[in-house]
Amino acid sequence: MRVAVLALALIALAACKEDATAPADPLALIGTGTEWTVTEIAGTAVPAAVKVTLLSPEPGMLAGTSGCNRYAGRIETREGALHVGALAGTRMMCPPDQMQVEQAFHSTIGTVTALRQTGPALDFTDATGKVVLRATR
């Protein structure tokens with residue numbers, strides 16, 4: 001009887017271990033309809049007066065504000081890595097600080113290849129594993 005209980009416990013433990021190490025769909029980390037506020041771009045904090053957001057309004061889509069303008073585009077997983085497609089956006093002019101953040105966002109988002117949740121933050125990393133964007137809810 002003890003051997004049977006021990007065997008069942010070991011099987012249950014092995015199943016839990018597999019679940020803990022199984023990779024989650026990285027796009028699920030963004031969540032559909034959840035707005036994230038970008039707090040850091042390429043290691044630089046986004047100024048409090050500038051709003052950069054991202055959300056996935058539907059699976060495979062990415063949208064938000066990039067400092068001055070609104071944007072939208074495709075995001076998908078290909079061969080285990082994230083790929084952000086070309087972003088379309090409005091074309092307003094804003095004060096220089098907003099435009100500078102917007103330019104940094106657009107030049108950085110295309111380098112994203114992975115996502116990971118770090119506490120309350122969502123980290124967007126490049127191919128080297130370096131955090132290039134950080135966002136919070």
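Coordinates for the structure precede this section.
Remember, predicted model here, so these are calculated numbers, not experimental data. (Residues numbered from 1 in each chain as written. Predicted model: local features only at pLDDT ≥ 70, side-chain atom pairs only at ≥ 80, totals over all residues. Heavy atoms only, no water.)

1. Some details on the state of the cysteines
Next up, step 1: Summed over the entire model, instances satisfying the criterion amount to one disulfide.
Next up, step 2: The side chain of C68 participates in a disulfide bridge whose partner is C94; the two sulfur atoms lie 1.8 Å from each other. Disulfide C68-C94: the torsion about the S-S bond is 75 degrees, which places it as right-handed. Within this pair, whereas C68 is found in the loop between β4 (61-65) and β5 (70-78), its partner C94 is found in the loop between β7 (88-89) and α3 (96-109), the two being separated by 26 residues in sequence. (Disulfide = S-S within 2.5 Å. Helix = DSSP H or I, 4+ residues; strand = E, 2+ residues; numbered from the N terminus.)

2. Some words on the pairing of strand β10 (residues 131-136)
Next up, step 1: Here four bridges tie strand β1 (residues 36-41) to β10, and the two strands are oriented antiparallel to one another. The residue of β10 that forms the bridge with T37 is T136.
Next up, step 2: Alignment of strand β9 (residues 121-125) against β10, held across five bridges, turns out to be antiparallel. What sits directly across from D123, in β10, is R134.
Next up, step 3: Taken together, β9 and the strand that follows it, β10, pair antiparallel across an intervening segment of five residues, in which G129 is found at a positive phi of about 90 degrees. (Pairing = 2+ DSSP bridges.)

3. Section: α3
Next up, step 1: The end-to-end C-alpha separation of α3 is 20 Å, in line with the 20 Å expected for 14 residues at 1.5 Å each.
Next up, step 2: Of all the residues in α3, the buried ones are Q98, V101, E102, F105, T108 and I109. Axial view of α3: buried residues confined to an arc of 140 degrees, hence all on one face. Every exposed residue of α3 that faces more than 90 degrees away from the buried side is listed here: P96, Q100, Q103 and S107.
Next up, step 3: Contacts made by the buried residues of α3 are with β1, β4, β5, β6 (81-84) and β10. (Expected span 1.5 Å × (residues − 1). Buried < 20%, exposed > 50% of the residue type's maximum accessible area, 1.4 Å probe, protein only. Arc of directions from axis to C-beta. Contact = heavy atoms within 4.5 Å.)

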